[in-house]
Amino acid sequence: MVSKERRNYSRQQGDLAEQRFIDACRAINYEIKKSTAQEDMYSHIDYWVKRSDADWYGVDVKGNRHPKTIWVEFKNVRGDDGWLNGLAEFIAFDIAEEGGFVVIRRQELLEWCIENVSTDFVTKDKAHRNLYQREGREDVLTKLHLDDLKELKSFKLLRYANS
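This text gives an overview of the structure that appears in the document.

Definitions and cut-offs
- Residues numbered from 1 in each chain as written.
- Predicted model: local features only at pLDDT ≥ 70, side-chain atom pairs only at ≥ 80, totals over all residues.
- Heavy atoms only, no water.
- Salt bridge = Lys/Arg side-chain N within 4 Å of Asp/Glu carboxyl O.
- Buried < 20%, exposed > 50% of the residue type's maximum accessible area, 1.4 Å probe, protein only.
- Helix = DSSP H or I, 4+ residues; strand = E, 2+ residues; numbered from the N terminus.
- Contact = heavy atoms within 4.5 Å.
- Polar contact = N/O pair within 3.5 Å; in protein donor to acceptor, adjacent residues only side chain to side chain.
- Phe/Tyr/Trp six-rings, centres within 6.5 Å; stacked < 30°, edge-to-face > 60°.
- Lys NZ or Arg CZ within 6 Å of the ring centre and 35° of its normal.
- Expected span 1.5 Å × (residues − 1).
- Pairing = 2+ DSSP bridges.
- Axes fitted to C-alpha atoms, helices over the stretch in contact; angles between N-to-C directions.

Moving on to the pattern of salt bridges. Applying the stated criterion across every chain yields a total of ten salt bridges. One salt bridge connects Asp 40 with Lys 34, and the closest N-O pair in it is separated by 3.5 Å. The class for Asp 40 is partly exposed, based on a relative accessible area of 29%. Since its relative accessible area comes to 42%, Lys 34 is described here as partly exposed. For Asp 81, the salt bridge goes to Lys 75, with nearest N and O atoms at 3.6 Å. Three or more residues joined by partner-sharing salt bridges are found here, namely Arg 129, Asp 148 and Glu 151.

Here it is in structure tokens:
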């Protein structure tokens, strides 16, 4: 069970990442608006973003990631589709060591995972490119590294607004 302190810390880190994402988008003149609570929960879309020459697209923002520990969610804790199977066009990973957000197409990441992640379930310490499930939960995860994401054609870095 997750402690109240850990849950609060995670929420604070998520809020910080979302504000950084908003600021980064506005700094390059992208329009941005918050998704509805239903879109956030069921479609895994945190924000709608629009470049001047494009349509609106959904983005799922992932906060406080480390280059060697990027958890990817196939199924959530209830066993429902995780964010990798959501409807967001892009996933934006907040990676402070990179000075911004690593942004990739969700569908491309899903296809890459299908091809490159073993279907063997392993312990947490062996979860890189293998499946992992937390005890007492129905989630299905894998751990990736930043170098794995750099293999994707859609890989882009969206710098923090103050960088």
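Picking up where we left off.
What follows is about the environment of His 44. Looking at the element boundaries, His 44 is found in the loop between α2 (37–43) and β2 (47–50). What makes His 44 buried here is its relative accessible area of 12%. With 16 residues separating them in the primary sequence, His 44 and Asp 60 have C-alpha atoms 6.0 Å apart. Residues within four places of His 44 in sequence aside, it is in contact with Glu 39, Asp 60, Glu 73, Asp 81, Gly 82, Trp 83, Gly 86 and Ala 88. Looking at His 44, its side chain comes within polar contact range of the main-chain oxygen of Asp 81, at 3.3 Å.

With that out of the way, let us pick up the packing of aromatic side chains. Scanning all chains against the criterion turns up six aromatic pairs. Residues Phe 21 and Phe 101 carry aromatic rings whose centres are separated by 5.4 Å and whose planes lie at 80° to one another, so their mutual orientation is edge-to-face. With Phe 21 in helix α1 (residues 4–27) and Phe 101 in strand β6 (residues 100–105), this pair connects stretches of sequence that are 80 residues apart. When sorted by exposure, Phe 21 lands in the same class as Phe 101, which is buried. Measuring from centroid to centroid gives 5.0 Å for Tyr 57 and Phe 90, while their planes differ by 65°, and the two rings are edge-to-face. In this pair, Tyr 57 sits in strand β3 (residues 57–62) while Phe 90 sits in strand β5 (residues 90–95), placing the two residues 33 residues apart along the sequence. You can call Tyr 57 buried: its relative accessible area is 16%. Among the aromatic residues, those joined into a cluster by ring pairs are Phe 21, Tyr 47, Phe 101 and Tyr 160. Positioned above the aromatic ring of Tyr 160, the side-chain terminus of Arg 20 is 4.6 Å from the ring centre. Taking NZ or CZ as reference, Lys 33 lies 4.4 Å from the ring centre of Trp 56, over its face.

So, on to α1. The end-to-end C-alpha separation of α1 is 35 Å, in line with the 34 Å expected for 24 residues at 1.5 Å each. The secondary structure elements touched by the buried residues of α1 are β1 (31–34), β2, β3, β5, β6 and β8 (156–159). Positive backbone phi, at 65°, marks Asn 29, one or two positions downstream of α1.

Below, the discussion takes up the sheet that holds β5. Spatial ordering of the open sheet is given by β1-β2-β3-β5-β6-β8, a layout of six strands whose pairing is mixed. Only two strands of the sheet have a single neighbouring strand rather than two, namely β1 and β8. On average, each strand axis in the sheet is inclined to that of its neighbour by 30°, with strand direction left out of account. For β5 and β6, the ladder comprises six bridges, and the chain directions are antiparallel. Its bridge partner lying in β6, Ile 95 is registered against Gly 100.

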